[in-house]
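As a plain string of letters, each chain reads:
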Amino acid sequence: AKEESKNSVHLAALPQFREDSNDETTEMAGAELVKVNEVVRKHKTANQLAMNAQLSEIIVTTNVDLTLVENDLLSATKAQLFRHEKGEFKVVVS
């Protein structure tokens, strides 16, 4: 809704299908997004931050390509910057 300058998600257009995604890639990226969001929520809880509190940056290390979910990741975590590195799963929040 924000990207379309709409005041409500009910007035925004429906998401468009992306030709560059396939089921396996999308499912893997979505599963990693859930894992990242869980880590960020635990971080916010442990630091007594509101769930909608802004974060400076999150660094996600994973072997899964997160390009398809980058905007969702930024939106869900309220991070201003997102950096992706290849390797074993790890999330650094700052």
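Scroll up to find the structure this text is about.
Parameters at a glance
- Residues numbered from 1 in each chain as written.
- Predicted model: local features only at pLDDT ≥ 70, side-chain atom pairs only at ≥ 80, totals over all residues.
- Heavy atoms only, no water.
- Helix = DSSP H or I, 4+ residues; strand = E, 2+ residues; numbered from the N terminus.
- Buried < 20%, exposed > 50% of the residue type's maximum accessible area, 1.4 Å probe, protein only.
- Pairing = 2+ DSSP bridges.
- Axes fitted to C-alpha atoms, helices over the stretch in contact; angles between N-to-C directions.
- Contact = heavy atoms within 4.5 Å.
- Parallel < 35°, antiparallel > 145°, perpendicular 65-115°, else oblique.
- Left-handed = near helix turned anticlockwise from the far one by under 90°.
- Nonpolar A, V, L, I, M, F, W, Y, C, P; charged D, E, K, R; others polar.
- Expected span 1.5 Å × (residues − 1).

Draft legend 1. Local environment of the environment of Ala 31. Locating Ala 31 in the fold gives a position in helix α1 (residues 23-46). The exposure class assigned to Ala 31 is partly exposed, which follows from its relative accessible area of 40%. Placed 33 residues apart in sequence, Ala 31 and Val 64 show a C-alpha to C-alpha distance of 9.6 Å.

Draft legend 2. Structural context of the sheet that holds strand β1 (residues 55-61). Pairing in this open sheet of 3 strands is mixed, and the strands run β2-β1-β3 from one edge to the other. Because the sheet does not close on itself, it has two edges, and the strands there are β2 (79-85) and β3 (90-93). Direction aside, neighbouring strands of the sheet carry axes that sit 15° apart on average. The pairing of β1 with β3 spans 4 bridges and is antiparallel. Looking at the pairing, Val 60 lines up with Val 91 of β3. Contacts from α1 reach β1 and β3 within the one sheet, and its direction differs from that of β1 by about 140°. Contacting β1 and β2, helix α2 (residues 70-77) runs over the sheet at an angle of about 135° to β2.

Draft legend 3. Fine view of the environment of Val 60. Along the chain, the position of Val 60 falls in strand β1. The sequence separation of Val 60 and Phe 82 amounts to 22 residues, and the corresponding C-alpha distance is 7.7 Å. Here Val 60 is in contact with Val 36, Leu 66, Phe 82, Arg 83, His 84, Glu 85, Lys 90 and Val 91, once residues within four sequence places are set aside.

Draft legend 4. View of the packing of α1 against α2. Put simply, α1 and α2 touch, their axes get as near as 10 Å, and they point 20° apart. As judged from the angle between their axes, α1 and α2 are roughly parallel. Of the two elements, α1 crosses α2, and the hand of that crossing is right-handed. Here Leu 33, Val 36, Asn 37, Val 40 and Lys 44 of α1 come into contact with α2, specifically with Asp 72, Leu 73, Ala 76 and Thr 77. Its residues assigned to classes, the contact of α1 with α2 comprises 5 nonpolar, 2 polar and 2 charged.

Draft legend 5. Fine view of α1. Compared with an ideal rise of 1.5 Å per residue, which puts 24 residues at 34 Å, α1 spans 35 Å between its outermost C-alpha atoms and is within 8% of the ideal. Within α1, burial applies to Ala 29, Glu 32, Leu 33, Val 36, Val 40 and Lys 44. Contacts made by the buried residues of α1 are with β1, α2 and β3. Residue Gln 48 follows α1 closely and has a positive phi angle near 50°.

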